[in-house]
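Secondary and tertiary structure notes
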Amino acid sequence: MCGVCGCGDHSHDHDHDHGHDHHHHHGPEHAHAPGLSKTRMVQVEQDIMSANQRHADANRRVFTGQGIFVINLVSSPGSGKTTLLVKTIEALKGEFPIGVIEGDQQTGLDADRIKATGVPAYQINTGKGCHLDAHGVGHALEHLPSLRGGLLFIENVGNLVCPAGFDLGEAHKVVVLSTTEGEDKPLKYPDMFYAANLMLLNKADLLPYLDFSLETARGYAQQVHPGMACLTLSARTGEGMEEWLAWLRQGVAAAARPKVPLSEGT
């Protein structure tokens, strides 16, 4: 059972090339488990979150060892994050290796859109599950070519609740908020905006036709997560994209930089 939302799991074990074993939570059950006491429910949630964190830490070791910059892209449905991802890939794909892990409840439509750019993508369908977990990401990585020194995007299931609580081993969560949504989303879903390091205000080209205040949205985000970075852009017109691309390039360069171990006594 999901420790955040109550979606369940049916589990099986895998041995992977990462050098760690996975216990895979990837199937839904009813949100409430009949016959389980509240105390037992809490214990189950704690066990699931603890297991996810172990897998996330193992993923992070793999990413760090291979110098891969990993972004967990989160948003509500309809924010335009897949279109943003396609435009981003088209701009960067000649500079370093890029791969994508796509999370959706059903279909492989978004993964097909990514593959059409010439970049490898692996689809995870969660069924009734509302988020990706660290085990699924570790398993998906085995189906992608080497991304050493490159960039991995994880496009999470469209949901501003559950993905906030699940570390996947990423360097950053990046939350996409479109101008067609309310400015109060950071206040309504504070856990997600607190967990994210960067907010992208997408669909800026629609601002003349909407009653949406950029200043208010930024203010609410700062209220939830003081110091949170924010960029305004339009994936459709390209407005503001250069700042986003520069942010990604900087992250890739930093991740690919050789790690110098501390000498003894320092």
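Residues numbered from 1 in each chain as written. Predicted model: local features only at pLDDT ≥ 70, side-chain atom pairs only at ≥ 80, totals over all residues. Heavy atoms only, no water.

1. Thoughts on helix α7 (residues 214-224)
- Taken as a whole, α7 has its buried residues at Leu214, Ala217, Ala221 and Val224. Projected down its long axis, α7 shows its buried positions confined to an angular sector of 95°, all on one face. Set apart from the buried face of α7 by more than 90 degrees, the exposed residues are Glu215 and Gln223.
- Check the buried side of α7 and you find it contacts β7 (172-178), α5 (185-188), α6 (190-195), β8 (198-202) and β9 (229-232). (Buried < 20%, exposed > 50% of the residue type's maximum accessible area, 1.4 Å probe, protein only. Helix = DSSP H or I, 4+ residues; strand = E, 2+ residues; numbered from the N terminus. Arc of directions from axis to C-beta. Contact = heavy atoms within 4.5 Å.)

2. Comments concerning the pairing of strand β6 (residues 151-155)
- For β6, the tally of buried residues reaches five of five residues, placing the bulk of the element in the interior.
- What you see with β6 is no split at all: Leu151, Phe153 and Glu155 on one side and Leu152 and Ile154 on the other are buried throughout.
- In the sheet, strand β3 (residues 69-75) pairs with β6 via five bridges, with the strands oriented parallel. Directly across from Phe69, in β6, lies its bridge partner Leu151.
- Note that strand β4 (residues 98-104) and β6 share five bridges and pair parallel. Bridge pairing in β6 places Ile101 opposite Ile154. (Pairing = 2+ DSSP bridges.)

3. Some points on the packing of aromatic side chains
- The full count for this structure, using the stated rule, is two aromatic pairs.
- Geometrically, the ring pair formed by Trp244 and Trp247 is stacked, given 5.8 Å between the ring centres and 15° between the ring planes. Of this pair, Trp244 and Trp247 both sit in helix α8 (residues 241-256), separated by three residues, roughly a single helical turn.
- By relative accessible area, which is 1% here, Trp244 ends up buried.
- One aromatic cluster is present, built from ring pairs that chain together Phe69, Trp244 and Trp247. (Phe/Tyr/Trp six-rings, centres within 6.5 Å; stacked < 30°, edge-to-face > 60°.)

4. Describing the sheet that holds β7
- Here seven strands make up an open sheet; going across it, the order is β5-β4-β6-β3-β7-β8-β9 and the pairing parallel. Taken across any chain shown, the strands that pair with only one partner, and hence form the sheet edges, are β5 (121-125) and β9. Within the sheet, the average angular offset between the axes of one strand and its neighbour, ignoring direction, is 20°.
- In terms of strand pairing, β3 meets β7 through five bridges, oriented parallel. Bridge assignment links Asn72 to a residue of β7, and that residue is Lys173. (Axes fitted to C-alpha atoms, helices over the stretch in contact; angles between N-to-C directions.)

5. A word on the pattern of salt bridges
- Applying the stated criterion across every chain, the model contains seven salt bridges.
- Put simply, Glu242 and Arg249 hold a salt bridge, and the shortest N to O gap is 3.9 Å.
- Using a relative accessible area of 54% as the deciding quantity, one classes Glu242 as exposed.
- Looking at Arg249, the relative accessible area reads 29%, which means it is partly exposed.
- The network of salt bridges with shared partners includes Asp57, Arg60 and Asp167. (Salt bridge = Lys/Arg side-chain N within 4 Å of Asp/Glu carboxyl O.)

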